[in-house]
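Spelled out from the first residue to the last, the chains are:
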Amino acid sequence: MQIRSSALGAVLAIAFLCCVPPQALAQQNTPVVAVGEIQSSYANWDTATVQTALESALSKTRKFTIMERGRLDQLLQERGLSVAGIADGNASLGGFSGVDYLLYGRVMDASFASENMIIMTQCKATVGLDVRTVDVNTGEIRFSESVRVSDVIASGGGDQNPCRGVTAASFTDLGSQAAEAVAEKLTIALFPVKLVRVVNDEVYLNYGAPFLVPGDYMKVVTLGEGFVDPDTGEVLGADEEESGLLLVRDVRPKYSIADVVYRYSPAMEVGDVAMKLRGSEAKSVQRMLANIEKAEAKQRRDCKNAQKRESRQCSRNVAGDKCLRAQDNVARMCG
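The text that follows walks through the structure, step by step, so that each part is easy to find.

The rules behind each value
- Residues numbered from 1 in each chain as written.
- Predicted model: local features only at pLDDT ≥ 70, side-chain atom pairs only at ≥ 80, totals over all residues.
- Heavy atoms only, no water.
- Helix = DSSP H or I, 4+ residues; strand = E, 2+ residues; numbered from the N terminus.
- Buried < 20%, exposed > 50% of the residue type's maximum accessible area, 1.4 Å probe, protein only.
- Contact = heavy atoms within 4.5 Å.
- Areas by Shrake-Rupley, 256 points an atom, 1.4 Å probe, with all protein chains shown as cover.
- Core = buried A, V, L, I, M, F, W, Y, C linked by side-chain atoms within 4.5 Å.
- Disulfide = S-S within 2.5 Å.
- Patch = residues over 30% accessible without salt bridge, like charges linked within 9 Å, V, L, I, M, F, W, Y side chains within 5 Å.
- Salt bridge = Lys/Arg side-chain N within 4 Å of Asp/Glu carboxyl O.
- Lys, Arg positive; Asp, Glu negative; His and termini not counted.
- Charge placed at Lys NZ, Arg CZ, Asp CG, Glu CD.
- Axes fitted to C-alpha atoms, helices over the stretch in contact; angles between N-to-C directions.
- Parallel < 35°, antiparallel > 145°, perpendicular 65-115°, else oblique.
- Left-handed = near helix turned anticlockwise from the far one by under 90°.

1. Comments concerning the overall build of the protein
Piece 1. Counting its regular elements, the protein contains 7 helices and 13 strands.
Piece 2. For the protein, the proportion of its 335 residues judged to be buried stands at 42%.
Piece 3. At a minimum sequence separation of 6, the contacts of the protein that also span at least 24 residues come to 66%.
Piece 4. Put simply, the protein shows about 17,800 Å² of open surface, and 48% of that area lies on carbon and sulfur atoms.

Below you can see the structure in the form of structure tokens.
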């Protein structure tokens, strides 16, 4: 399976959030998001499963309250607004009380491709999902992303077409995967994983299961001043300074505990952001740490051997040249 992310570019689903009593919202103090109908460029594919997957994935992050769909439809009807109008930027977002973020977008790709693997063929399905999230209070675009998910769904002999007979139902799982990727990226964009406690080589993070799992590698960065596109209001990013690498060891429902496996020059502090590493980045970190461990093991062996030579040479003549050279060697190997 491949997950690729690019700049955004379209329209789609609306997401709002509530259907929870005001008292409960005040206690939770979580922003309200809503997921409405997911639009699609492909008429034969019902994208309701993508909408449901988005709601479920956002809920699992424990960072949002999700508005019930019927409540969103009611709000749109009361204000005389439409999904198309909002997506096209032709409708005012004013009057949406109790809603913080609006998620909208479109399924831009839902396709099959037959690939020849010399001795066999395989059918690869791809789903592409473009989304934007708007801060309802300010009209600022807080998040824009294009997520593409691919996977092999069928295979056959070298002279066969494995995509023959494949239906749109095969997109269901990929649509859910794309929705989960969007939910994770949105959550991280609005509520980054942060260090909430730092004790020597042990770090506590403000995310737990199922967002993080034991064995996840995290890159810790200190964020500087942010910068915004003056034309669109989109938050483009912020200056980053890496301070170290973490390995998640223990995951609880609301927080996780990680070990510091590598440090850079700036010290890690409470409030620093931790970014999950995936795929090639995680493998690269694993290789780097393995090489560091090999180098440190070699240094320990060289130091121990140098100390043995020093003991032999200096036991004979502590003031002799061989003893002095052996002592210098220990200082170099064990320093």
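2. Structural notes on the nonpolar core
One broad rule of soluble globular proteins: the nonpolar side chains tend to lie buried together.
Piece 1. In terms of nonpolar packing, the biggest core is built from 30 residues, with Leu54, Leu58, Phe64 and Leu129 touching the most fellow members.
Piece 2. When contributions to this core are tallied by element, the ones reaching two or more residues are helix 2 (48–60), strand 5 (101–116), strand 6 (120–135), strand 7 (141–157) and helix 5 (171–190).
Piece 3. Counting residues per element, this core draws most heavily on helix 5, which supplies 9 residues.
Piece 4. Residue contacts for Leu54: discarding those within four places in its chain leaves Val35, Ile38, Leu103, Ala179 and Val182.
Piece 5. Listed in part, the 16 residues of the second largest apolar core include Tyr207, Met218, Val248 and Val260.

3. Concerning the state of the cysteines
Piece 1. Taken as a whole, this structure holds 2 disulfides when the rule is applied.
Piece 2. Cys303 shares a disulfide with Cys334; S-S distance 1.9 Å. Here the disulfide of Cys303 and Cys334 is right-handed, its torsion about the S-S bond being about 110°. Taken together, the positions of Cys303 in helix 6 (residues 279–316) and Cys334 in helix 7 (residues 321–334) put the pair 31 residues apart, joining distant regions of the chain.
Piece 3. You can call Cys334 partly exposed: its relative accessible area is 30%.
Piece 4. Across the disulfide from Cys314 sits Cys323; the S-S distance is 1.8 Å. When the S-S torsion is 95°, as for the bridge of Cys314 with Cys323, the disulfide is right-handed. Here Cys314 and Cys323 have matching classes, each one buried.

4. Observations concerning a positive patch on the surface
Piece 1. Together, Lys304, Lys308, Arg309, Arg312, Arg316, Lys322 and Arg325 give the surface a local cluster of positive charge.
Piece 2. For the positive patch, the secondary structure elements donating two or more residues are helix 6 and helix 7.
Piece 3. Broken down by element, the positive patch gets its largest block of residues, 5 residues, from helix 6.
Piece 4. With respect to the helices, strands and loops of the structure, Lys308 is situated in helix 6.

5. Some points on the packing of helix 6 against helix 7
Piece 1. Where helix 6 meets helix 7, the closest approach of the two axes is 8 Å, and the angle between their N-to-C directions is 160°. One way to sum up the angle between helix 6 and helix 7 is to call them roughly antiparallel. In the crossing of helix 6 with helix 7, the sense of the turn from one axis to the other is left-handed. Contacts between helix 6 and helix 7 involve Gln299, Asp302, Cys303, Ala306, Gln307, Arg309, Glu310, Gln313 and Cys314 from the first element and Lys322, Cys323, Ala326, Gln327, Asn329, Val330, Met333 and Cys334 from the second.

No statement about biological role is implied by the geometric values presented.
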